[in-house]
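Remarks on the overall topology
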Amino acid sequence: MNKKTVEDIDVRGKKVLVRCDFNVPQDENGNITDNRRIIASLPTIKYLLEKNAKVILCSHLGRPKGEIKKEFSLAPVARELTKQLGIEVKLADDIIGESAKKLTSNMNEGEIVLLENVRFDAREEKNDPEFAKELASLAEVYVNDAFGTSHRAHASTAGVADYLPAVSGFLIKKELEFMGNALENPQRPFVAILGGKKVSDKIGVINSLLEKVDTLIIGGAMAYTFFKAQGYEVGDSICELDKLDLALELMEKAKQKNVKLMLPVDTKVGKEMKQDTESKTVKCTEIPAGWEGFDIGEETIKLYKEELKNAKTIVWNGPLGLFEFDQFAIGTNEIAKALANVDAITIIGGGDSSAAIEKIGLSDKMTHISTGGGASLEFLEGKKLPGIECLQEK
Ligand code: ADP
Ligand code: 3PG
Ligand code: MG
């Protein structure tokens, strides 16, 4: 994938529309609780400022479904950007309306305007060409740096590219480099770790990774579907009964492809999905009725760590247990620690996985943590992402 970046075109003094993914979590008072996506957007913005460009930023926040709703305003983002950049980021009251036009028509070089939430207009998600054209008319160049939204074919992520020269920012460049290299050119042994809640969410990614990895490690709730498929009882554990055949097919495919498929051998089970519920560790083949598997067990952690020691490339998507509760976060935390210490390229995709790693302060120890949730999953699945496909080739 050889897409032009912001360095490959002339942006000096030009009006540049930059699509970012500022879809960040906030608390009930509108305080941003995780600003990593904003921080990740800064290199592109700073580069454009250095080039004396006039920077017009846009993004969605949440899912306001085409309606203007105050709680989805980008005002907190404008404040955070102002703080991070040390220069005022003006927020327009609308996207392509009077306010946006006024603020962007007479911009000075090195000035920044943020448009309001693009999803306040229903035409955004419909990828409406008229809307895209009007948005494009505010600028002379389009830069997509919203990796986390690049799996959506929306007006601001793909449609605008029909009307402006379109290139990627540094964030997308970095995501493509790390994740693309891992998939296309991995240093081996290449190990993937997949966890999370449902097999059905991860079928595509399991299928595509089975074509590439040497070892596939399974954890999280989706492991129980594999045990049920082999005829074991899984108590009250999350289990997708309509995916049993599929689980067996995936096990068969692993065999054919010579991929070492590792399932947990023991599991920490709890009585109820509660913080301090009674718990114990049992073999995965002996889960008692009335108990629910919430984490991988100690024996499994040991085996997985041993496997990771020799890996040269590790891709991880999906927590290995119900990590939101401390007593079931041990598997996820221990594997995160193993990744932090191994001499390998470590790549994390997935919103919950990266939150789990951030929670225990190991983010800095990973080679790359994707800013994408759904987008990184689709990328790992080998799907084409509309927000990237629309960019100019080198
Ligand atoms: P990501 O966002 O990283 O792609 P997923 O959304 O697929 O990850 O899965 C994360 C969710 O899976 C978390 O909320 C976690 O608590 C849950 N989960 C993982 N293992 C279990 C389990 N054994 N039982 C219940 N929930 C689990
Ligand atoms: C995300 O948080 O995954 C992206 O910002 C995309 O948001 P969406 O799922 O509402 O399109
Ligand atoms: Mg998730």
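A few points on the structure. (Residues numbered from 1 in each chain as written. Chains lettered and ligands numbered in written order. Predicted model: local features only at pLDDT ≥ 70, side-chain atom pairs only at ≥ 80, totals over all residues. Heavy atoms only, no water.)

Points about the packing of helix α6 (residues 199-210) against helix α8 (residues 244-256)
Where α6 contacts α8, the axes come no closer than 11 Å and their chain directions differ by 15°. With respect to their mutual orientation, α6 and α8 come out roughly parallel. Regarding α6 and α8, the two cross each other, and that crossing is left-handed. Mapping the contact onto sequence places V199, I203, I206, N207 and L210 in α6 and L246, L250, K253 and A254 in α8. Residue composition of the contact of α6 with α8, by class: 7 nonpolar, 1 polar and 1 charged. (Axes fitted to C-alpha atoms, helices over the stretch in contact; angles between N-to-C directions. Helix = DSSP H or I, 4+ residues; strand = E, 2+ residues; numbered from the N terminus. Parallel < 35°, antiparallel > 145°, perpendicular 65-115°, else oblique. Left-handed = near helix turned anticlockwise from the far one by under 90°. Contact = heavy atoms within 4.5 Å. Nonpolar A, V, L, I, M, F, W, Y, C, P; charged D, E, K, R; others polar.)

Quick word on the site of ligand 2
Within the structure, ligand 2 sits among D21, N23, R37, H60, R63, R119, G148, T149 and R152. Between ligand 2 and R63 there is a distance of 2.6 Å, counted from an oxygen atom to a side-chain nitrogen or oxygen. Between ligand 2 and R119 there is a distance of 2.8 Å, counted from an oxygen atom to a side-chain nitrogen or oxygen. Contact with the protein chains removes 85% of the 310 Å² of surface that ligand 2 exposes when unbound. Here the shell around ligand 2 is built from residues that sort into no nonpolar, 4 polar and 5 charged. (Near = heavy atom within 4 Å. Polar contact = N/O pair within 3.5 Å; in protein donor to acceptor, adjacent residues only side chain to side chain. Areas by Shrake-Rupley, 256 points an atom, 1.4 Å probe, with all protein chains shown as cover.)

What to know about the nonpolar core
Among the nonpolar cores identified, the biggest contains 45 residues, and F147, L209 and L216 are the most heavily contacted of them. Counting residues per element, the ones that place at least two in this core are α5 (170-184), β7 (190-194), α6, β8 (215-218), α7 (223-229), α8 and α12 (374-380). Non-local contacts of F147, meaning those with residues more than four positions away in its chain, are made with I172, E175, M179, S370, T371, G372, A375, S376, F379, L385 and I388. Within the second largest apolar cluster, 30 residues are counted, among which are I9, V24, L61 and F170. (Core = buried A, V, L, I, M, F, W, Y, C linked by side-chain atoms within 4.5 Å. Buried < 20%, exposed > 50% of the residue type's maximum accessible area, 1.4 Å probe, protein only.)

Points about unusual backbone geometry
The linkage connecting R188 with the following residue, P189, adopts the cis geometry, with an omega of 5°. Tracing the chain through its elements places P189 in the loop between α5 and β7. One non-glycine residue, N52, adopts positive backbone phi at about 60°. Looking at where N52 falls in the secondary structure, it is placed in the loop between α1 (36-50) and β2 (54-58).

Structural notes on the sheet that holds strand β11 (residues 279-283)
Ordered by their spatial adjacency, 3 strands build an open sheet running β11-β10-β12, and the pairing between neighbours is antiparallel. Sheet topology places β11 and β12 (292-296) at the edges, where each strand pairs with a single neighbour. Here the strands of the sheet are splayed against their neighbours by 40° on average, with no regard to which way each runs. In this structure, strand β10 (residues 266-270) lies alongside β11, joined through 5 bridges in antiparallel fashion. Bridge pairing links D266 to K283 in β11. Of the strands in this sheet, β10 and β12 touch helix α9 (residues 298-309), which is tilted by about 35° from β12. Helix-sheet contacts for helix α10 (residues 330-341) involve β10 and β12, and the interaxial angle to β12 is about 15°. (Pairing = 2+ DSSP bridges.)

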